[in-house]
Amino acid sequence: MPSLPSPDRGLDLRSRFEEIFGRPPAVVARAPGRVNIIGEHTDYHGGLCLPIALDQATWVATAPREAGDDRVEVVSTAVPKPWQGTAGSRGEGWARYVTSTLAEVGHRGGADLLIDSTLPVGAGLASSAALICAVATATSTAAPDELVEPCVRAEVEGVGAATGGLDQTVSLLARPGHALLLDFGSGGREYVPWRPEDAALELLVVDTRTRHAHAEGDYRRRRAESEAALSGDPDRLDAMLARRRRHVETENARVREVVSALTRGDWPSVGAALTASHVSLRDDYEVSTPELDAVVEAALAAGALGARLTGGGFGGCAIVLTPADLRDRVVGSVLDRYRDRGWAEPSWWVAEAGGPAARVVRARG
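The numbering scheme is per chain: residues are counted from 1 as the chain's sequence reads. Totals for whole chains, interfaces and linings use all residues, but because this is a predicted model, local features are given only for residues with pLDDT of at least 70 and pairs of side-chain atoms are given and counted only at 80 or more. Excluded from the side-chain calculations are hydrogens and water; all other atoms, namely the structure's heavy atoms, are used.

A closer look at the overall build of the protein chain
And then number 1: For the protein chain, the count of helices and strands is 10 helices and 13 strands.
And then number 2: This radius of gyration counts C-alpha atoms alone. The globule rule is 2.2 Å times how many residues there are, raised to the power 0.38. Computed over its C-alpha atoms, the radius of gyration of the protein chain comes to 21 Å, within 12% of the 21 Å expected for a compact globule of 365 residues.
And then number 3: If one aligns the C-alpha atoms of the protein chain with their principal axes, the spans along those axes are about 60 × 50 × 40 Å.
And then number 4: Burial classes follow relative accessibility: with a 1.4 Å probe on protein chains only, a residue under 20% of its type's maximum area counts as buried, one over 50% as exposed, and anything between as partly exposed. Burial statistics for the protein chain: of 365 residues in total, 57% are counted as buried.
And then number 5: Approximately 14,900 Å² of the protein chain is accessible, and the part contributed by carbon and sulfur atoms is 48%.
And then number 6: Positive and negative side-chain charges in the protein chain, numbering 40 and 50 respectively, have mean positions lying 2 Å apart. Runs of H or I in DSSP of at least four residues are treated as helices and runs of E of at least two as strands, each being numbered from the N terminus. Each accessible area is a Shrake-Rupley result for a 1.4 Å probe, and residues are judged covered by the shown protein chains and nothing else. Neither His nor the chain ends is counted toward charge; the positive residues are Lys and Arg and the negative residues Asp and Glu. Positions of charges follow a simple convention, taking NZ of Lys, CZ of Arg, CG of Asp or CD of Glu.

Right, dumping it as structure tokens:
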């Protein structure tokens, strides 16, 4: 496993673990969330995606229990009540992400785990995958690329979320300053430089504060619809299934367009593809919301190069590619649109392409 010098949050979690469990953790690990630049609802169809990892991450501190003690206790800084069970038992609610991961990576015996996160839950930034990848990184010595499939199974089979493998792959394999081009048909992976700052641009993430849950019905229904659309005769599909198929096919083409535009430094074309993706997700895949649409419309009206929802939709976040010197105007336009409609104010930040999941060790000296 890769290691990183321990930032303050890792040290704080180490201290908190010792306070709760009476001994220091054996391992502290972190795994990042992600923003998908483009390529939405394509991974589970063997298509193309282009995500980056975020600085926001989920942290796990853990230590084994004494030999013969098979008790597992999971404490989260975000949840009042800890989960307790035995090794191999299936957790309930949020704890199922942890127990499913322990099962998939082959963890044996008892353990204590403390979880902390800087990722908003249900915002379309892969908070669930970050939790799974952080637990896997903390409890397994397998190489990151060997953890991808177990982490995907933990969410799809263990939790029951009908997701693809985009989130876990980039969380485990990201590279700073790069997007990760994923081809889920061929299994291909390629690092593509992602440095909008070199062109005096920024990628803003705007959290609409509307939430979704991928294990629930809407996401699963869209997946079933698009699978039927792609497996059927395109000339005999009804209007709804034709729209679902069109989104997947055109979204894959947009991923290729963005990669090509990045190689030639054509950021206006990148922005145009982002906006076209949002229109497709809104009209053909029907996963947008009034809040997401408002962010995109307001940002474009203020001079952004492009904007779209990111993640599965039905709430969560939008991304906005904007000239850095227009940031205040773009954000102000979004906030004004929200105030006009009486909505709670969204949060936002500038996203940069970060690194992968890693074990974090205390610097010695």
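Digging into the packing of aromatic side chains
And then number 1: Classification of ring pairs rests on two measures: the distance between centres of Phe, Tyr or Trp rings, Trp counted by its six-membered ring, which must be within 6.5 Å, and the angle between planes, read as stacked under 30 degrees, edge-to-face over 60 and tilted in between. The final tally for this structure, using the stated rule, is four aromatic pairs.
And then number 2: Ring geometry for Tyr338 and Trp343: centres 5.0 Å apart, planes at 80°, overall edge-to-face.
And then number 3: The exposure class assigned to Tyr338 is buried, which follows from its relative accessible area of 2%.
And then number 4: We call a charge positioned over a ring when the NZ of a Lys or the CZ of an Arg lies within 6 Å of the ring centre and within 35 degrees of the ring normal. Above the ring of Trp59, the side-chain terminus of Arg30 is found at 5.8 Å from the ring centroid.

Focus: the side chain of His41
And then number 1: Examined against the element boundaries, His41 turns out to sit in the loop between strand 2 (27-38) and strand 3 (48-64).
And then number 2: Within polar-contact distance, the side chain of His41 engages the side chain of Tyr44 at 2.7 Å.
And then number 3: A polar atom in the side chain of His41 sits 2.8 Å from the backbone oxygen of Gly312.
And then number 4: In contact with His41, other than residues within four places in its own chain, are Tyr219, His247, Val248, Leu281, Tyr285, Val287, Gly311 and Gly312. What qualifies as a polar contact is a pair of N or O atoms within 3.5 Å, subject to a donor-acceptor requirement within protein and to the restriction that residues adjacent in sequence count only when both atoms come from side chains. Two residues form a contact once any of their heavy atoms are found within 4.5 Å.

Observations concerning empty space enclosed by the protein
And then number 1: A 1.4 Å probe that fits but cannot get out identifies a cavity on a 1 Å grid over protein atoms alone, an open set with protein on both sides within 12 Å along at least five of seven lines counts as a pocket, and a residue lines either if it has an atom within 4 Å of a point. Grid points are joined across faces, edges and corners, and a volume is the space filled by probe spheres set on the points. Counted under the stated rule, the structure contains two cavities of 30 Å³ or more.
And then number 2: Roughly 130 Å³ of internal volume is contained in the largest cavity.
And then number 3: Residue classes in the lining of the largest cavity are distributed as three nonpolar, seven polar and four charged.
And then number 4: Here the second largest cavity defines a volume of roughly 40 Å³.
And then number 5: Together, Val206, Val331, Val334, Leu335, Pro346, Ser347 and Trp348 line the second largest cavity. Basically, the charged four are Asp, Glu, Lys and Arg, the nonpolar ten are Ala, Val, Leu, Ile, Met, Phe, Trp, Tyr, Cys and Pro, and anything else, Gly included, counts as polar.

Quick word on the layout of surface pockets
And then number 1: Empty space within the second largest pocket amounts to approximately 180 Å³.
And then number 2: Lining the second largest pocket are 14 residues; nearest its centre among them are Ala87, Gly88, Ser89, Thr99 and Ala103.
And then number 3: At the level of elements, strand 5 (83-86) and helix 2 (95-104) are the ones that each hand at least two residues to the lining of the second largest pocket.
And then number 4: Considering every element that reaches the lining of the second largest pocket, the biggest residue donor is helix 2, with four residues.

Some thoughts on the sheet that holds strand 12 (residues 347-351)
And then number 1: In this analysis, strands are considered paired if DSSP registers two or more bridges between them. A sheet is described by the order of its strands in space; here four strands give the open sequence 10-11-9-12, paired in antiparallel fashion. The open sheet has two free edges, formed respectively by strand 10 (306-310) and strand 12, since each of these has just one partner strand. Adjacent strand axes in the sheet meet at a mean angle of 25° when their direction is disregarded.
And then number 2: Pairing of strand 10 with strand 11 (residues 317-323), which is carried by five bridges, proceeds in the antiparallel orientation. The residue of strand 11 that forms the bridge with Leu309 is Ala318. Fitted lines through C-alpha atoms give the axes, limited to the stretch in contact for helices. The angle between two N-to-C directions lies from 0 to 180 degrees.

Quick notes on the pairing of strand 10
And then number 1: Within strand 10, five of the five residues are buried, which leaves the element mostly enclosed by the surrounding structure.
And then number 2: Following strand 10, the chain reverses through six residues before pairing antiparallel with strand 11; Gly311 in that reversal takes a positive phi of roughly 95°.

Comments concerning the packing of helix 6 (residues 217-231) against helix 7 (residues 239-263)
And then number 1: Between helix 6 and helix 7, whose axes approach to 8 Å, the crossing angle comes to 90°. As the angle between them shows, helix 6 and helix 7 are arranged roughly perpendicular. Across from Arg222, Glu225, Ser226, Ala229 and Leu230 in helix 6, the residues of helix 7 making contact are Met240, Leu241, Arg244, Arg245 and Val248.
And then number 2: Class assignment of the residues belonging to the contact of helix 6 with helix 7 gives a composition of five nonpolar, one polar and four charged. What sets the label is the angle itself: under 35 degrees gives roughly parallel, over 145 gives roughly antiparallel, 65 to 115 gives roughly perpendicular, and the rest give oblique.

Section: the nonpolar core
And then number 1: Joining through side-chain atoms within 4.5 Å is the link that ties buried Ala, Val, Leu, Ile, Met, Phe, Trp, Tyr and Cys residues into a set, and such a set is a nonpolar core. Of all hydrophobic cores here, the largest spans 36 residues; its most connected members are Val60, Val74, Val98, Leu113, Val135, Cys151 and Leu172.
And then number 2: Ranked by residue count, the leading element in this core is helix 3 (residues 127-139), at seven residues.
And then number 3: Residues Ile52, Ala123, Ala261 and Leu262 belong to the second largest nonpolar core, which totals 33 residues.

A few points about a negative patch on the surface
And then number 1: Only residues whose relative accessible area exceeds 30% and that form no salt bridge are eligible for patches; like-charged ones are grouped when within 9 Å, while nonpolar side chains (Val, Leu, Ile, Met, Phe, Trp, Tyr) are grouped when within 5 Å. Counted as salt bridges are all cases of a side-chain nitrogen of Lys or Arg within 4 Å of a carboxyl oxygen of Asp or Glu. The grouping of Asp55, Glu197, Asp198 and Glu352 at the surface amounts to a negative patch.
And then number 2: Assignment of secondary structure puts Glu352 in the loop between strand 12 and strand 13 (358-361).

Some details on the side chain of Asn36
And then number 1: Structurally, the position occupied by Asn36 is in strand 2.
And then number 2: Only 2.8 Å separates the side chain of Asn36 from the backbone oxygen of Gly39, close enough to count as a polar contact.
And then number 3: For Asn36, the contacting residues outside a window of four places in its chain are Cys49, Leu50, Pro51, Leu166, Arg308, Thr310 and Ile319.

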